[in-house]
There are 4 protein chains.
Amino acid sequence: MIFFRNDYGEGCIEPIMKLLQQANDESNPGYGEDKYSQRARELIQSKLPDVPSDIHFIVSGTLTNVVMMRHVLRPYQCVLCTDSSHIVQHEAGAIEQTGHKIIQIPNSSGKISAVSLSKTINKLNSDEHFLMEPKLVYLSNATEFGTVYTREELEEISRICKENHMYLMIDGARIGQALMSGIDYTLNDIAKWADLFWIGGTKNGALFGEAVVITNNDLKPYFRHVQKQSGAILAKGWLIAMQFIGLFENDSFYQCAKYSNELASIIQNEIIRLGYPLFMKSTTNQIFLVLNQVQYEYLKDKVDFEIWTYWDENVIIRLVTSWHTSKTAVSTLCQYLQLAMDASKAAEAQAEKEEEETENTEETPV
Amino acid sequence: MIFFRNDYGEGCIEPIMKLLQQANDESNPGYGEDKYSQRARELIQSKLPDVPSDIHFIVSGTLTNVVMMRHVLRPYQCVLCTDSSHIVQHEAGAIEQTGHKIIQIPNSSGKISAVSLSKTINKLNSDEHFLMEPKLVYLSNATEFGTVYTREELEEISRICKENHMYLMIDGARIGQALMSGIDYTLNDIAKWADLFWIGGTKNGALFGEAVVITNNDLKPYFRHVQKQSGAILAKGWLIAMQFIGLFENDSFYQCAKYSNELASIIQNEIIRLGYPLFMKSTTNQIFLVLNQVQYEYLKDKVDFEIWTYWDENVIIRLVTSWHTSKTAVSTLCQYLQLAMDASKAAEAQAEKEEEETENTEETPV
Amino acid sequence: MIFFRNDYGEGCIEPIMKLLQQANDESNPGYGEDKYSQRARELIQSKLPDVPSDIHFIVSGTLTNVVMMRHVLRPYQCVLCTDSSHIVQHEAGAIEQTGHKIIQIPNSSGKISAVSLSKTINKLNSDEHFLMEPKLVYLSNATEFGTVYTREELEEISRICKENHMYLMIDGARIGQALMSGIDYTLNDIAKWADLFWIGGTKNGALFGEAVVITNNDLKPYFRHVQKQSGAILAKGWLIAMQFIGLFENDSFYQCAKYSNELASIIQNEIIRLGYPLFMKSTTNQIFLVLNQVQYEYLKDKVDFEIWTYWDENVIIRLVTSWHTSKTAVSTLCQYLQLAMDASKAAEAQAEKEEEETENTEETPV
Amino acid sequence: MIFFRNDYGEGCIEPIMKLLQQANDESNPGYGEDKYSQRARELIQSKLPDVPSDIHFIVSGTLTNVVMMRHVLRPYQCVLCTDSSHIVQHEAGAIEQTGHKIIQIPNSSGKISAVSLSKTINKLNSDEHFLMEPKLVYLSNATEFGTVYTREELEEISRICKENHMYLMIDGARIGQALMSGIDYTLNDIAKWADLFWIGGTKNGALFGEAVVITNNDLKPYFRHVQKQSGAILAKGWLIAMQFIGLFENDSFYQCAKYSNELASIIQNEIIRLGYPLFMKSTTNQIFLVLNQVQYEYLKDKVDFEIWTYWDENVIIRLVTSWHTSKTAVSTLCQYLQLAMDASKAAEAQAEKEEEETENTEETPV
């Protein structure tokens, strides 16, 4: 089986493992007050030269979203996001568990459109019976479907948020992949547009860990308190910090993302060339394609992938590349895709032939 | 500075680091459905031969307590524990944040006494205006003060819980140290007495990680759901599992605990010999002693320790040993303790002398 | 202004007011342990002869939904209901505030269809990443749009719930109106289909108060505890009980509902006769119709109604009748509706005429 | 049985009942946007001439505390109050259910002392591991034990709160009784000292209802949103407003409180004269006294009272007077107290006699 199931199937990049080993016998203060946490904060801050930020480390993604929402929102404030959002589909009610209502906006290629956003905000604000304050726009970049927001889209959404006294929060589980997808903005820009966001380590070469970046001064105080109360401070806090030192010290973060995007692009091009329907055109490391039954049967024991959903007779699957995916695996996958297509066409031809014969038989009178 | 601040100041024991390196390039399924998690569960289960259990892994202690409480308790049910409990003193309201009330019982050497427990339960159940159900007894073993429950105490508390249809939950952040403190029971006994408990890795040689053990069949279903919703499932779940494989495969868990207890015992004996007052007599790896100002001033720049609390003119400090503490560090600490005592006595003698002289001077008539 | 804004715009029916006065000087035990609460429970139970139930009284509707959800649901369990539900649209996040996720199903005339329900349950249960248990179906009868479930629909939904180990909860804010809408089932049937439901007093002649009926034995214990904790037990509990004695002792509950339905039916028939588009055909006391601007301008200062929503150039308004609405008011309303239609037609004719003239003018050559 | 069980055992004072009847057929807008709510707000505001306030009405006390706490506190902020507080002892975990931790301070005659308060705040703020912000001081005036804060005490507590950037919230379930207990301050003073407080109607002559007064401008916005979300807005909101119109239009609020205090004072004086031990000296309408078994047995079937707690062989009972208590009932109670004391003394004399005889018998030699 070749592994295209996800981008968090292996350990970590070499520099991180080295750091862990080298420092294993050092004594450090706990709870993120060590020198590595300090160094990791400086490294990330250096990528946001225009925006002095508060930076915190949390071990995993859902916990990060939970802590950030609990920190930012008052009970009467709600979150706006797309219906395809991670917090809607894949966090088992974690946000609602914190007491906050999510208002879903239909997605457009996994993204929230400025037009729908404005319309929703206006509708909520004009409904005197709603009695909630729409306060936070949550979006993921890259999205759940592998698409990426353009500079114009983010600027417009950021503008709408400011105009409506709302916060913009960006879930950056795959923000590395978004930044390396050929767009014309950087982490520094993100820091200007968002009031708070996070930089994902888990899905881009780290053992674990996400870096929370708070840029809005109003939101800086007391984050650590909410983090502690949520059980989201690691005793040996330096371990998460080391992930980000390893990722950012020599820009491995960007290289890993670029590499995985490139491999994904090879796969997606081949998929298009072979004539498979795409569920969504991606510019990052997640590829969604539609398989018929023959293709699915051919591939399922050779390639380790995730079934995204079922669609009539078809199966939509997700193929994911990462820092760890080998070029050989990509070649092999492409060959399998070719063979699956061949098998499918052969089966089709056979089916047509059989149908024809049946028709002939049926037609044949005495 | 020699480090006696805590037992989570360094990385991990060798076997764990080796496992991490060896498996770094393997591809594993996510969220704890990998072979290492399976292996770690089997290893822990093998220590509880009489009690078929559900075993889960969570990255840190407060999060573990939060998930377990959320899982077990209905809104109208409350927790009973000592006023010195970790969930009362050191979790920043994490339990209340899940919506549950904690009823505090005054501790006796850090422990909950069966008599106070019974009395509290009876009082609550007889108060028709209370309208809450006392449902869970929470205790830590070893306690926050380094003391350990006896077999008789745990049997009695377990009996009281069963009699009152309550659950017994044991916080095992330092359960290794408790088991190696010379008591006459094992994990297998704990599993019989408690409805659920956890085995702490973080404070006994692991990078992170606590193993939740659910022994009561009624409490087994849906734990994973609550875990997910609480943001407490790690994507690369095998990383926590490896901590427990490393700890239990060759009984490092027990050896680390035994070693740290032994070093602590040497220190405590020396403290007694030197005549320092103990705040609490400990049988595990945390030693609490009372320093006067001279002693404190002498030690504070030579030894890295935590101030527990202030007591009139005195300071109560905590000295902690671990798997990582060296025997040399212990010797050095003992010398410092001797010298601090000498300094203190000298200062006292000097003060007495000065006082005497003052008195003499004063007394001296013309 | 004639009042058709809602069905909770006035005080209460005569028998309730009499009870309040008569008993004003009696001394009663507090918190619902008085003889009136007992009597009200017996009266309601007498309407559910086949289903021994636990009955509780809560002062208002949202609070009732909150307490029932908190009582029934575990953290990992979610609610299924239509996107038009009261708990989705008009409770300001009250359900999410209790920590529970709501899964919305597109409504069909305000109702949840058995087919969509089944499909949603299957989809959720087959998604291994969802990690929540769909546990409670919430529906309102009558619905937010004035429509009523048929016997077959409720039987089918009840069957689906049982099959899937889910609870059926019915919000009965207007259950009186539903029962008097010409359907072929009674409260006794509702009690068989639902695991718990509530009977609305506020919108059918009481000053306030909703009666919670719990039929499922598993859900009976500890409701009072959750009620207390939620601040939902009234000190002078007999006051709510008296509402239900007044409503049920001589079947005023049914008469009020029948009366309001009949008046609404007169209005709706007139609306149809006059050619107004209906937004939704209602069989209870809420009528939704579409007004154009001329009609709206004509009516808005003569009739006190609620704007439901805007629809292009049109306004959808809601007209509500109640136990208190007079037949004279209904006649006056019908006259206004006639006049508004006349005005609208005149305006249209005038506009056409003007357009024609313009066209004629334009067309007219030299 | 004469009724001294509580001050919420009967309906309401005459003016309130009249208002309810008179307005029963008027049509009013819902949810507190009616003219009565407006009038009630103005009346209450007129009692706080120096402090422009936001005023809201909630139907009952625990719900009022819940909404106010949810409104004011962020997740990481905790409440400080005495261990005898209503929110600690009699609200079934309602505050914790909203996610907030309560820090208890040992009470002094039911009151929080400025010294203990300061000490607690300093201790919490100096504990770097606590990671919560003490933010709100909650106190009841009159207290649970019938005692009343002096002007100096409230000024000092208010000063401490301001100094520490904390809010002062006063639970005024029996604030009428406090104000009529002979102290030298008014509602206007309370409004200056507290950031928010509530005026209790339920226990001072209303059917139900508490008036929330928010004086701190920072806390004014969005209260209504939190109220709605908590299910704490009554559809027929004017009903609560009418309670406060009835209470304040002719100062019935003060007269009721004064009257009940005076009757209580008669009873307490008699208790002292008769030589019963008081559990607590009260200056309001709750009297706590200690009964021995003979006295208790004598009284329990003649007087309807509440047992407060058990104390060795004795029973501490609470006697409560209200606007509704008759002077005759008070006389009768005093006679019963005399007779109970007589019975007790007779029993004692008898016991002594018997003992003596036994001794004599025993002593008698051959």
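Above this text is the structure in question.
Bear in mind that the values here come from a model prediction, so they are computed numbers and not experimental data.

Cut-offs applied
- Residues numbered from 1 in each chain as written.
- Chains lettered and ligands numbered in written order.
- Predicted model: local features only at pLDDT ≥ 70, side-chain atom pairs only at ≥ 80, totals over all residues.
- Heavy atoms only, no water.
- Buried < 20%, exposed > 50% of the residue type's maximum accessible area, 1.4 Å probe, protein only.
- Helix = DSSP H or I, 4+ residues; strand = E, 2+ residues; numbered from the N terminus.
- Pairing = 2+ DSSP bridges.
- Axes fitted to C-alpha atoms, helices over the stretch in contact; angles between N-to-C directions.
- Contact = heavy atoms within 4.5 Å.
- Buried area = accessible area lost by both parts, 1.4 Å probe.
- Salt bridge = Lys/Arg side-chain N within 4 Å of Asp/Glu carboxyl O.
- Polar contact = N/O pair within 3.5 Å; in protein donor to acceptor, adjacent residues only side chain to side chain.
- Nonpolar A, V, L, I, M, F, W, Y, C, P; charged D, E, K, R; others polar.
- Core = buried A, V, L, I, M, F, W, Y, C linked by side-chain atoms within 4.5 Å.

All names here are of chain A. With 6 of 6 residues buried, strand E10 (residues 286–291) lies mostly within the body of the structure. Taking every second residue as pointing to the same face, both faces of E10 are buried, with Gln 286, Phe 288 and Val 290 on one and Ile 287, Leu 289 and Leu 291 on the other. Between the end of strand E9 (residues 278–280) and the start of E10, which pair antiparallel, lie 5 residues. Here E10 pairs with strand E13 (residues 314–320) via 6 bridges, running antiparallel. Bridged to Leu 291 within E13 is Val 315.

As a further point, take the sheet that holds strand E2 (residues 54–58) of chain C. Residues and elements named next belong to chain C. With mixed pairing, the 7 strands of this open sheet are ordered in space as E2-E8-E7-E6-E5-E3-E4. Edge positions in the sheet fall to E2 and strand E4 (102–105), since each of these pairs with one other strand and no more. Neighbour to neighbour, the strand axes of the sheet diverge by 25 degrees on average, direction disregarded. Examined bridge by bridge, strand E3 (residues 77–82) and E4 share 4 bridges and lie parallel to one another. Its bridge partner being in E4, Val 79 is matched across the sheet by Ile 102. Relative to strand E7 (residues 196–200), helix H3 (residues 61–72) is tilted by about 170 degrees, and along the sheet it contacts E2, E3, strand E5 (133–140), strand E6 (167–171), E7 and strand E8 (210–214).

So, on to the interface of chain B and chain A. Chain B puts 42 residues into the contact, and the matching count from chain A is 42 residues. Summed over both partners, the interface of chain B with chain A buries about 3700 Å², with 56% contributed by carbon and sulfur atoms. Among the residues of chain B in contact with chain A, B:Asn24, B:Gln229 and B:Lys236 are the three that bury the most area, contributing 17% of the side total. The tally of links between chain B and chain A comes to 0 salt bridges. At the boundary of chain B with chain A, the tally comes to 20 residue pairs in polar contact (both at pLDDT 80 or more). Those elements giving two or more residues to the side of chain B that touches chain A turn out to be helix H1 (14–22), helix H3 (61–72), helix H5 (94–97), helix H10 (223–229) and helix H11 (238–248) of chain B. Classifying every residue of the side of chain B that touches chain A by side-chain character gives 18 nonpolar, 17 polar and 7 charged.

Here the focus is the pattern of salt bridges. Applying the stated criterion to the full structure yields 84 salt bridges over all chains. The salt bridge involving D:Glu270 is made with D:Arg273; its shortest N-O contact spans 2.8 Å. With D:Glu270 and D:Arg273 both in helix H12 (residues 252–274) and 3 residues apart, the pair spans about one turn of that helix. Given a relative accessible area of 17%, D:Glu270 falls into the buried group. It is possible to trace a salt-bridge network through shared partners that takes in A:Arg5, A:Asp304, A:Glu306 and A:Arg318.

Let's shift gears to the environment of A:Asp171. All names here are of chain A. Considering the arrangement of structural elements, one finds Asp 171 in strand E6 (residues 167–171). Judged by relative accessible area, which is 3%, Asp 171 ranks as buried. Placed 21 residues apart in sequence, Asp 171 and Thr 150 show a C-alpha to C-alpha distance of 16 Å. Contacts of Asp 171, omitting those with residues within four sequence positions, involve Asn 65, His 86, Tyr 138, Leu 139, Ser 140, Asn 141 and Trp 198.

Grouped together as the largest cluster of nonpolar side chains are 200 residues, with contacts concentrated most on A:Phe197, A:Ile199, B:Phe197 and B:Ile199. Sequence-distant contacts of A:Ile199, that is, excluding residues within four places in its chain, are made with A:Ile44, A:Gly172, A:Ile175, A:Leu187, A:Gly209, A:Glu210, A:Ala211, A:Val213, A:Phe244, A:Phe248 and A:Phe253. Counting 199 residues, the second-largest nonpolar core is a separate cluster that includes C:Leu139, C:Met169, D:Met68 and D:Trp323.

This next bit is on helix H11 (residues 238–248) of chain C. Among the 11 residues in H11(C), 11 count as buried, and that is most of the element. Among all positions of H11(C), only C:Trp238, C:Leu239, C:Ile240, C:Ala241, C:Met242, C:Gln243, C:Phe244, C:Ile245, C:Gly246, C:Leu247 and C:Phe248 are buried.

Our next topic: the interface of chain C and chain B. Tallying the contact residues gives 17 residues for chain C and 17 residues for chain B. Across the chain C-chain B interface, the total number found is 6 residue pairs in polar contact (both at pLDDT 80 or more). Counting only elements with at least two residues in the side of chain C that touches chain B, the list comes to H3 and helix H10 (223–229) of chain C. Top contributing element to the side of chain C that touches chain B by residue count: H10(C), with 5 residues.

Residue and element names in this part refer to chain A. As summarised here, the arrangement of the 7 strands in space is E2-E8-E7-E6-E5-E3-E4, forming an open sheet in which the pairing is mixed. Taken across any chain shown, the strands that pair with only one partner, and hence form the sheet edges, are strand E2 (54–58) and strand E4 (102–105). Across the sheet, the axes of successive neighbouring strands diverge by a mean angle of 25 degrees, strand direction being ignored. As judged from the 5 bridges shared by E2 and strand E8 (residues 210–214), these two strands associate in the antiparallel manner. Within the sheet, the bridge partner assigned to Asp 54 lies in E8 and is Ile 214. Contacting E2, strand E7 (196–200) and E8, helix H2 (residues 35–46) crosses the sheet at an angle of about 120 degrees to E2. Helix H6 (residues 114–126) contacts strand E3 (77–82), E4 and strand E5 (133–140) of the sheet and is inclined by roughly 135 degrees relative to E4.

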